[in-house]
Every structure is written in structure tokens, then in C-alpha cells.
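Close look at the chain arrangement
Single-letter residue listing:
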Amino acid sequence: MPPSDGCPESGPGTESADPLIARVSDALLEAGRGRGRALLVTGDPGSGKSRLLAEVIAAGRAAGALVLAAEAAELEQPLGLGVARQLFEEHLVGLPEDRRKAVSEGPAGLAFDALGADTTGSLSELQVRHGLYWMAVALADDGPVLLVIDDAQWADDATLGWLAYLIHRVATSRIVVVLAARTDLLPASGSILGTIAGQPATEILEVLPLDVAAVGEILAARGLTGADAAFITACHDWTGGNALFATELAAELARVPVVPREAEIPRLRALSLPSVATMTTERLGRLNSAARSLAGAVSVLGADAGLRHAADLSGLDLDAAAAAADDLADARLLRSGLPLRFIHPIVAASTYADGPGAGRALEHLRAAQVLGASGAPDSEVAVHLLRGPGVGDAAAADLLLRVARSDLDRGAPHEAAVLAERALAEPPSPEARGSARLLLGQALALAGDARAIEVLSRAFGEQDDTMSRAVTGYLLGRLMLFAGQQGEALRVLEPLAATLPAGLPAGDDLSQRIEAAYLSAVHASPDGAGIEARIEQMRAAADPASAGGRLLCAQLAAQETRTGRSRQAALTYAREGLADGGLLAESPDAPDAHIIPTSMLALCDELDEARENYDAAFASARRNGSIVSFAMTATFASWAAYLCGDLEQAELWCRDVLRIVEEAPALAALPGFALAHLVVVLVEQGRTDEAAELLAEAGTAVVEQVGPSTADMLTARAWLAQAQGRHATAAALLRRCGALAERAGVRNPAWTPWRSQLALAVVANGEQSEARSLADEELVLARGFGARRALGAALRAAALVGDQDGRAAVLAESVAVLRGSSARLELARSLVALGTELGRLRQPSAGRAALSEGRDIAAACGAARIVAAADAELGSGTGRRAAYETGSAALTPSERRVCEMAAVGMSNPEIAQALFVTRATVESHLHAAYRKLGIDRRAHLGAALGQG
């Protein structure tokens, strides 16, 4: 519940409130202009944070902001999104239907799923954070939103993760976030709350101790008027200026009573009140046994305990419990009224600690039974089972696992792991232990906990049932694969399919999933050769009528493409795997499953078909608010865009990925690919210095990492070295790439054309014989596979390193082959090479025609490097496109993309959600574009963009 105005954390006249209230007022004014802010209020226990937040809430309401408040509780920390539900639930329920619909459109609908009692499907952490962010932004459409959370150090990880995501973007929103946390419990920088504290958008304010005058005002408010300066100073020194201690000291002095004069200072010190534990114990000791029992019950039940539940737990009837609650309120231990709540978390903690540890654990077990018997939600029962001892109650274990599964489905894997681990300690029934450990392993994996593999390995070893063992082994193998443990993944997956019951049909879905995972591990392994017999079995078993079969077809498409065995077979498997969008729609194991067969279409030179599938994947990612799917799709769509000559789009997608992965550790494998692709694009655009700087900024750890993107990074670095004239360096990098490819069984130049690139590098160093051998070998492999793009490039390389006699004919063949492909960049290169050769043969007219055509294609692609080569031969000397200050040519790639989306009728929020950026980013791009285009409204965009 939100902080209460009645919380006596600080006394009257507390001046420490003024700076915070002033900052909040300023922040709300700025938020109204689209510039949000985050404030983190820290202080010692009892320093007055909650009272300050109560004043913040009042100030926010007075300013007309929508104020949503919550208070985290230590007991409820294991409940995923518990604090987020506190913030939003009541407000969302009370919204009119039209407004509710407006704030749940697009990705915000994911937030409604996550906050609901029942989720409609599994959500990832990133989806939930993205959805909650957009829901908060939508709520701010009508004016500034003030989010206030007290005791943030006890908030659940799922809520804190969303807050970190929000605060990273808060500066361009109409949202103000105010958090309060105890200084002594503020975690280190490696925690989520520590990350929030360290963000540039977060301003940290410390609640300072009260001064002497403020302590005097507290004494006067309790009837201790006329206190002399020495007595007030002694009270200040005795309490350390702590607001709670000063308030409670004043209450005790008024009860005794004490005359507030210097002569009474020794009596003051005898009270020993700087210890809240002592104060609580003394007050409880003055009460009857019923009050003490009720206090203990409330301390176990936690904040907002119901009177009936507290009565049942304390063994009192309802009337006796009500009377005891009044006595506790009179003793300033509980707040007046219902539900039952201590005056301060410190008092609650002191009361709780007053009981024996083992006894408290049993009390939590009894609390779980009381709540369960009254029909309380499973989540409320679970928090007590977490603190109670394991007693072999299978029903309790089942309840914990239900809540864990719900947390996992709503995108709270950290909390789900805690619950599943506790369920195993109960323990569950023998037949349920395997599935419980499997759930724990899944939760740990999604939480990024290194223990996941260990837990799943144990579950795998413990499984007696063949099918359960196969399912567990399948998940374990995939997790090992994603963790970079390809060897271990192969060890688990290789024998797994053979262990399935003999009675299963040949095309069994699970067996095909296992085979697909095994083949994926083979492809990720440095040693990918020597499994031809197993591949034949997979080809025979692959059944695209099942979900597992489609996954296997996707991996077989990759196998056919990697080895260069059959382009037609690769295309067939890719299309069967994609199943006209079926694989994308079901995504049974991973939302990116469709990327593999789609990328194979691109490598097989079906670039237009591949881009259609990538577009469908982007649309799906946007519909589902899946940043992971968007980033994975962008990573590989960028390469298809590059091959098609759409360099501007390729650059945008690469930069999208590099921006997104900063906040998504789960995407750690993608930066290598995106960085490599971006380097090649920048080199092609003539921006070699920028490409070199990009690699330097990435650092050795990224550039030299060994993993799935190693070959891409090596070829990209070689491409840059070639452009810089460092041919020996390029050759060394390409030799490493070739060695990796050969070891992994990758022979197809459509996958990695390292031979032709190496041929061009070594011929520049005078190694003619090796260059010809490399080029000839690649040409044979390219003809065998039959993809036009790879064949055209191989023909060009063979011509450039071969004898001059017949070079023009081979280059003409390269051009003819590439005219049947969508690979415009390769066509432009071959045309320029052909034009150059025709000029050498004194055929100036034909040479200029080829050079001009190649130059025009390259210019349309933005390939300044090819343009410069053509210009050098043509003698035009135009070089790179001049910089423009106005007109559509002056737009940056990001500005153009936003303008094109706006021109077809997309709103700013729709554009922001589609690109996974903030609305302010879209507005900034449009503002800059309007200035460059000389327009003042959206309706003029279409015409302005068409001016060229």
C-alpha cells in the first residue's frame, strides 16, 4: 500500500522535506514538457523517508499529476511484479473502458497480461519491461505521472528491472519516479537497485538528521512545552536527530511524565530509547498477553494483516483480537484502524525478532495454513511457506510450484527460481520432483543464473521416465548450447533421440526437436564434420507436418547451405521449415527459430523471398513487443539488406541491435554479428576511419571473441584491412577464417567467401600462384552450389587474379550471372571491374557504359567505395556525395526511416513502438527532418520525400 500520511516517521516542522518537495514540483513541471526525472531518497531507518513521500504524494496531487504509489515489503519480495501491481492495479481497474483500451494498445497490452491474475502465455522479462514502459507512457498522455515507491530496497526484482528500464528512458518522458530506500540496505552497484542509483537520470537525495530546533518542535507537539535548550540538545544528541526515535522519545517522556528541564537529563538517559528494539520490548511488556500474541501474529502476517487472520493465528476470538489491536494502537505499536499495520517497519522488525527463530518459522507455516483455509490467493500463502520449514507437505510444494510457474509466465524468473527452490526443499512427491527441478532450471536459465546448467544436469540424471529424461535433456542441451558449451551440448544431445521408446513413429515431434537441437550444436561446434550418416537419418525423419519437424528442416537447410551440397535441397528444407509463416506463428522453442531458414534463403540467393520473411518476423516482434525477436531479426536482416545493396537500411538495423543489446544480456551473442556487419557496411560507404574507430571502441574482448560470429568478424576485419591497403593483415585474418570454416565443415562460398577474398589479398602481395589456386577452388564450389551471387563473385575474383587473356570474358560472365540476382552490390562491382578491363583493352565506349552502369547502381546503394573506383576510371572525380544542408538528401538514415513511417500514416507512438525507441526520439527526428525538408506539418512529408 502507499505510504500513509499517518506514519509518524518525522515530526512537525521537519525542514528536510523542503528540498525534495521543491525538486518534485520542478520535476513535474519539466515532465509536463516531456522531460522526466528520477529521484532516489535515501536515509537511515526512521529518518523520515515515508513522511517525505507522503508529502511528495500530496504535492503531486496538488499539481494535478496522476499519482500512483506503492510500498514494498520484505515478506512479499519473492512475488514477481508485486510492487508493480500495487502501483497500477487499482488505477487500471477504475479506468473507463475507452481509456483502458487506449492505454493497453500495442506493447502495453503485455503489461496487462503480466499484471493480471492469469497470464495468457509465457512472457520474457524484456517483453514485460517493454510493456510496462509503454503502459506508463500511455498513462502520461493526459498529463504528468508521478510514480512513488517506498522501501524500494525490498521491491521484487521484476519490478526493479522494469524501473531500471523506465528510468533509462525517463528523461524523454512525462514521468517522474520517486523511490525511497534505506541507506543501510541500499545494495551495491551490481544489483538492480544499485544500477538504478547509478543511472545518469537518477538524482540521489539524502534525508539528513533533524536539527535541534526540529527536535524541540517534536517535544512541543507531544505537550512537552517550555523545554529548555539543554534538555532539547540532550534529546537531540540521545536520538541522533532520527525522526522516529525523537517522536517515540517524546511519547515516552510525556507518558512518564518528565519535566523538560536540564535537571531531568539523567532521567532521560535512563530510558534507553535510541534502541527501537528496546522501546518495542518495553511497550509490549506493559501490555496483556492477548495484545502481545496479536502483535506477534501481525509481525508474522506482514503489512496490512486482516483482523480475522491475525485472530486465528494468535488463538484469539474476534472480539478479543479487536480489543488487543486497540491496546496496541494506544501503545503506539500499531496504527489505528484496519487492516492491522505497525507504525513503522522498524517496529515490525523488532516485534518479529523478539520471538525465537524456529518458532517464527513454525508461525509462518501456521500462517500459510490459516490463509489457505480462508481461500487466500496462492501467492499470499506462498510468501509464508517460503519462510516456514519443509515438512514434506506435497500440497504445499504443489502450491509453491504453481506460483513459480505463474511468475515464470509473467516474466519474473528470479522470483520463480526462489519459489521452485523452496518447493524442492519441502519436498514434493517423488513423481513431481523431476518436473520441479526442471522448472527451477528453466527459471534459473531465464534469470541468467549460472546454476541453471547444474540444476538441469541433476534433473537429467535423476529422471527415470524415458520421455521425461528426453525432455529434460533436450532443454539442457539447448541451454548448454546458448551458454557456449557446445561440447557438453553434443555429449547430452547426441545419444538422446536413440533413447526414446521404440514404439514412437519415425517422425515423432520430440525426436525431431532433439535432432534439430543436436544439429544446431554441431553447427556451433568448431568440429562440424563427420556426421554424414546421422544427417542421412535426419533427412529421412524430417517431417514438416509437425512443429519439431519444421525445426529439423530449418537446421537441415543450414546443413545443406554450409556444406554447399545442394542449393535446391537447402531451399526446399528452408521453405518446409518456414511453412508459409507457420514456424514464425508457433515459435515452439525460441522466437527466433525462423531466422535460420530465412537466412538460408538469403544465402541461396533468394534475397527478395528472404526479405519478405524478415519483414514478417519484424511485424511479429512488434506485435508481441519482443525486443529479443526484433534484435535477432535485425542482426541477420541487416546482412540480407547489405547483399541487396540497401546499405542505409543495413546500417540502421546494425545500430538498432547494438543499441538494444546494451540492456539485454540475453542477447550477448548478437553484438559480434551486428558489429561485423556494420564494419563491412561502413567500409562499403567509404567510411573506413569510422569502421576502424568502431572496432577500437568495441575492444579486444568483442573483436577477438571465439563463438558463432568469429568468422563474420574475421572477414569484416579483413575487408577493412583491404580497404586500408593492409593486404598482409587481411590475408592473415582470412587464413584464420578459412581454417575455422574447414574445421567446421563449411565449404560453401555463399556462406563464407574467404577464398576469393584471400586470393585478392595475396595477389596484392605478389603471390599469384596461391591466389589463382584459391580463386579456382572457390569457382568450382560456387558452380557446384549454383547460387548466382556467390558464383558471380567467384567469377570476378577468378578473373582479377587470373591471366589477362580472357579476363574480360570471365568478367562479362560474372555480370551476366549477377543480372539474375538481387545482389546489386556484387553486380556493381563486376560492372566496374568489367568496365576497367574493357578500357585496358581499348574498348572505351563499352568500358564507359559498364563503368557508368556500375557507378549508378553503386551510387543508388550508397556504396561510395565502388563509386570512387568507377570515378577514377571515368575521370569524373565526383567522389562521395556532397553534404546537403536541406532537402531529402540531407536526411540522416534514421530521420528518413522515421519520415517514411510517418508519411504512411503511423503515429509517433506507433513509430516508437515499432523501432523500440522512445517517443521523444521519434519527435526529435521529425523536428530535424521538417527543418531540412522545409515543411511544417506531417501532411507534407510524402511530397517532400519524393522531391529527391
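If you're wondering where the values come from, they're calculated on a predicted model, not measured in any experiment. (Residues numbered from 1 in each chain as written. Predicted model: local features only at pLDDT ≥ 70, side-chain atom pairs only at ≥ 80, totals over all residues. Heavy atoms only, no water.)

1. Details of the overall build of the protein
Note the following rule: A run of H or I in DSSP becomes a helix once it reaches four residues, and a run of E becomes a strand once it reaches two; helices and strands are each numbered from the N terminus. Type-normalised accessible area, obtained with a 1.4 Å probe on protein chains alone, sets the label of each residue: buried when under 20%, exposed when over 50%, and partly exposed for intermediate values. By definition in these notes, contact holds between two residues if any of their heavy atoms fall within 4.5 Å. Each accessible area is a Shrake-Rupley estimate made with a 1.4 Å probe; only the visible protein chains count as cover when residues are assessed. Only four residue types enter the charge count, namely Lys and Arg as positive and Asp and Glu as negative; His and the chain termini do not. To locate a charge, take NZ of a lysine, CZ of an arginine, CG of an aspartate or CD of a glutamate.
Scanning the protein from terminus to terminus reveals 50 helices and five strands. Across its three principal axes, the protein shows a C-alpha extent of roughly 115 × 70 × 50 Å. Taking all 948 residues of the protein together, the buried fraction comes to 56%. In the protein, the share of contacts with a sequence separation of at least 24, taken over all contacts with a separation of at least 6, comes to 67%. If you sum the accessible surface of the protein, you get close to 37500 Å²; carbon and sulfur atoms cover 52% of it. When the 85 positive and 116 negative side-chain charges of the protein are each reduced to one mean point, those points stand 5 Å apart.

2. Some points on the state of the cysteines
This is how it is decided: Here, two cysteine sulfur atoms that lie within 2.5 Å of each other are counted as a disulfide.
In total, this model carries zero disulfides according to the counting rule given. With no disulfide of its own, Cys553 has Cys604 as its nearest cysteine by sulfur position, at a separation of 14 Å. Judged by relative accessible area, which is 0%, Cys553 ranks as buried. Not engaged in a disulfide, the cysteine Cys604 finds its nearest cysteine sulfur in Cys644; these two sulfurs lie 14 Å apart.

3. Notes on the sheet that holds strand S2 (residues 66-71)
Here is the rule: A pair of strands is treated as paired once DSSP finds two or more bridges between them. Axis angles are defined between N-to-C directions and span 0 to 180 degrees, where every axis is a line fitted to C-alpha atoms and, for a helix, only to the segment in contact.
Overall, parallel pairing links the five strands, which are arranged S2-S3-S4-S1-S5 in an open sheet. Lying at the two open borders of the sheet, with one neighbouring strand each, are S2 and strand S5 (202-206). Along the sheet, successive strands turn relative to each other by an average axial angle of 15°, direction set aside. Pairing of S2 with strand S3 (residues 145-150), which is carried by six bridges, proceeds in the parallel orientation. Within S3, the residue paired with Glu71 across the bridge is Asp150. Contacts from helix H2 (residues 49-62) reach strand S1 (37-43), S2, S3 and strand S4 (175-182) within the one sheet, and its direction differs from that of S3 by about 165°. Sheet contacts for helix H7 (residues 157-169): S1, S3, S4 and S5; angle to S4, the most-contacted strand, approximately 135°.

4. Observations regarding the pattern of salt bridges
Keep this limit in mind: Only one rule defines a salt bridge in this text: a Lys or Arg side-chain nitrogen within 4 Å of an Asp or Glu carboxyl oxygen.
Overall, the coordinates contain 60 salt bridges when judged by the stated rule. A salt bridge links Arg458 to Glu462; its shortest N-O distance comes to 2.9 Å. Residue Arg458 and its partner Glu462 are located together in helix H23 (residues 451-462), separated by four residues, close to a single helical turn. A salt bridge links Glu690 to Arg655; the shortest N-O distance between them is 3.0 Å. A residue pair is termed long-range when its members are at least 10 positions apart, and Glu690 in helix H36 (residues 688-698) and Arg655 in helix H34 (residues 647-660) qualify at 35 residues. Linked through salt bridges whose partners overlap, the residues forming this network are Glu248, Glu252, Arg255, Arg283, Arg286 and Arg332.

5. Focus: the nonpolar core
Here is the rule we go by: Here, nonpolar core refers to any group of buried Ala, Val, Leu, Ile, Met, Phe, Trp, Tyr and Cys residues whose side-chain atoms link them within 4.5 Å.
By size, the foremost hydrophobic cluster in this structure holds 250 residues, and its most contacted members are Phe88, Ile175, Val177 and Leu294. In terms of residues, this core owes the most to one element, helix H33 (residues 627-644), which gives twelve residues. In terms of nonpolar packing, the next biggest core, distinct from the first, is built from 27 residues, Ala718, Ala741, Ala761 and Leu795 among them.

6. A short note on the side chain of Asp151
Mapped onto the secondary structure, Asp151 falls in the loop between S3 and H7. Once residues lying within four places of it in the same chain are set aside, the contact partners of Asp151 are Glu71, Ala72, Ala180 and Pro345.

7. A short note on the packing of H34 against helix H35 (residues 670-684)
Which entries qualify depends on this criterion: Angles are sorted into four bins: roughly parallel if under 35 degrees, roughly antiparallel if over 145, roughly perpendicular if 65 to 115, and oblique for all others. The handedness criterion is simple: a crossing whose near helix is rotated anticlockwise from the far helix by less than a right angle is left-handed, and one whose near helix is rotated clockwise is right-handed. Gly is placed with the polar residues, together with every amino acid not listed as nonpolar (Ala, Val, Leu, Ile, Met, Phe, Trp, Tyr, Cys and Pro) or charged (Asp, Glu, Lys and Arg).
Two elements in contact, H34 and H35, have axes separated by 9 Å at closest approach and are oriented at 150°. As far as their axial angle goes, H35 and H34 are roughly antiparallel. Crossing handedness for the pair H34 and H35: left-handed. Residues Leu647, Ala650, Glu651, Cys654, Arg655, Val657 and Leu658 of H34 pack against Leu670, Pro671, Ala674, Leu675, His677, Leu678, Val681, Leu682 and Glu684 of H35. A per-class count over the contact of H34 with H35 returns twelve nonpolar, one polar and three charged.

8. Here we look at helix H15 (residues 307-314)
Heads up, the rule is: The arc refers to the directions leading from the helix axis to the C-beta atoms.
Considered for burial, the residues of H15 that qualify are Leu307, Ala310, Ala311, Leu313 and Ser314. In an axial view of H15, the angular spread of the buried residues amounts to 165°, which keeps them on one side of the axis. In the stretch just after H15, Gly315 is the one whose phi turns positive, near 80°.

9. Topic: helix H9 (residues 212-221)
Threshold: Between N or O atoms, a polar contact is any pair within 3.5 Å; within protein, one atom must be a potential hydrogen donor and the other a potential acceptor, and residues adjacent in sequence are included only when both atoms are from side chains.
For H9, the complete set of buried residues consists of Ala214, Val215, Gly216, Ile218 and Leu219. Buried residues in H9 make contact with helix H10 (229-239) and helix H11 (243-255). Among the residues of H9, the N-terminal cap falls to Asp211, whose side-chain oxygen and the backbone nitrogen of Ala213 are separated by 3.3 Å. Remark: Gly223 follows H9 within two positions and exhibits a positive phi of approximately 90°.

10. Regarding the packing of helix H5 (residues 108-115) against helix H6 (residues 125-139)
Packing of H5 against H6 brings their axes to within 6 Å, and their N-to-C directions diverge by 110°. Looking at the two axes, H5 sits roughly perpendicular to H6. Two packed elements cross with a definite hand, and for H5 against H6 that hand is left-handed. For the pair formed by H5 and H6, the contact residues are Ala108, Leu110, Ala111, Phe112, Ala114 and Leu115 on the first element and Gln127, Val128, Gly131, Leu132, Trp134 and Met135 on the second. Looking at the contact of H5 with H6 residue by residue, the class counts come to ten nonpolar, two polar and no charged.

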